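# Summary of the model geometry
One-letter residues, chain by chain:
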Amino acid sequence: MRRTKEDAEQTKRAILSSAMDIFCEKGYSKTTFDEIAKRINLTKGAVYWYFRNKPDIVAALINDFASRHMVMINNFLNERGELDFQDIIDMELLMNKHIREDEKFSKFLFFITSQMEWSESIISKVRPSIEQTQNIGRNLMFESLRSLQERGKIRPEVDVVAISEILRMMYSGILEGYFTKRLSQDFDTAVETGFNLIFNSIKTKEENNEN
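The structure contained in this document is the topic of the report that follows. (Residues numbered from 1 in each chain as written. Predicted model: local features only at pLDDT ≥ 70, side-chain atom pairs only at ≥ 80, totals over all residues. Heavy atoms only, no water.)

### Notes on the packing of helix H5 (residues 85–101) against helix H9 (residues 187–202)
Our working definition: Fitting a line to C-alpha atoms yields each axis, with helices limited to the stretch in contact; the angle taken between N-to-C directions then spans 0 to 180 degrees. We count a stretch as a helix when DSSP gives it H or I for four or more residues in a row; a strand needs E for two or more, and each element gets its number in order from the N terminus. Should an angle lie under 35 degrees it is considered roughly parallel, over 145 roughly antiparallel, and from 65 to 115 roughly perpendicular; all remaining angles are considered oblique. Crossing handedness: left-handed means the near helix sits turned counterclockwise from the far one by under a right angle, and right-handed means the same turn made clockwise. Pairs of residues are marked as contacts when any of their non-hydrogen atoms sit within 4.5 Å. Here the nonpolar group is Ala, Val, Leu, Ile, Met, Phe, Trp, Tyr, Cys and Pro; Asp, Glu, Lys and Arg are the charged ones; every other residue, Gly included, is treated as polar.
Between H5 and H9, whose axes approach to 10 Å, the crossing angle comes to 155°. In terms of axis orientation, H5 runs roughly antiparallel to H9. Here H5 runs over H9; the crossing is right-handed. Residues Phe85, Gln86, Ile88, Ile89, Glu92, Leu93, Asn96, Ile99 and Arg100 of H5 lie in contact with H9, whose contacting residues are Phe187, Asp188, Val191, Glu192, Phe195, Asn196 and Phe199. Counted by class, the contact of H5 with H9 contains nine nonpolar, three polar and four charged residues.

### Focus on the pattern of salt bridges
To keep it simple, the criterion reads: We define a salt bridge as a contact between a side-chain nitrogen of Lys or Arg and a carboxyl oxygen of Asp or Glu at a distance within 4 Å.
Per the stated rule, a full pass over the model turns up 23 salt bridges. Connected via shared salt-bridge partners are Glu9, Arg13, Asp64, Arg68 and Asp102.

### Thoughts on helix H8 (residues 160–179)
For the record, the criterion: Every helix has an expected span of 1.5 Å times one less than the residues it contains. Only protein chains enter the accessibility calculation, which uses a 1.4 Å probe. A residue is then buried if its area is under 20% of the maximum for its type, exposed if over 50%, and partly exposed in between. Think of a polar contact as two N or O atoms within 3.5 Å of one another; within protein, one of them needs to be a possible hydrogen donor and the other a possible acceptor, and neighboring residues in sequence only count if both atoms come from side chains.
For H8, which comprises 20 residues, the first-to-last C-alpha distance of 29 Å matches the rise-based estimate of 28 Å (1.5 Å per residue) to within 8%. Taken together, the buried positions of H8 are occupied by Val160, Ile163, Ser164, Leu167, Arg168, Tyr171, Ile174, Leu175, Gly177 and Phe179. Capping the start of H8 is the job of one residue whose side-chain oxygen sits 3.1 Å from the backbone nitrogen of Val161: Asp159. Of the residues one or two after H8, Lys181 is the one with positive phi, at around 60°.

These figures capture arrangement, not role.
Right, here's the structure in full:
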């Protein structure tokens, strides 16, 4: 029986889901194509039909994450329009909500932040997908801060490129703490407190007085 495009896409997604489950359970290096295939009643050859190796699977997982993340962000931006400081925080809290409520989304981020045994050979194969995903958050944060600076809400001497990177790295650290259960406070509280501390240090005097 000839397979349809829909059948092929469903099989591909089943492979990715199986791989993610095993990556999270055993780690990247200990996961085999045999295990990925057996969990969804496929042959190893069927998995190789879709993916040549494990880095290809990781790249596909990253691309899928990036696509779903962009849908979430675009919906948020369409609803909010021009972002203020609290809108930026709310955008991060929306990410937290998805992590808590979307099991696949959470597993992916857990795998990337806590379980991935990065080697240079793996990184070289998945770097384009990784950079594309990282740039989504980095560019959005920079554009949001640049707009706030142009609107007179951030002091003119502040380097918004550096601040946007600091904020992204801070969130990554909080996220890792959440997954490893090392946060000393609530997930949302940690994000909101951290962002507000940095925002309050870069706002203009007039903006701080208004708040």
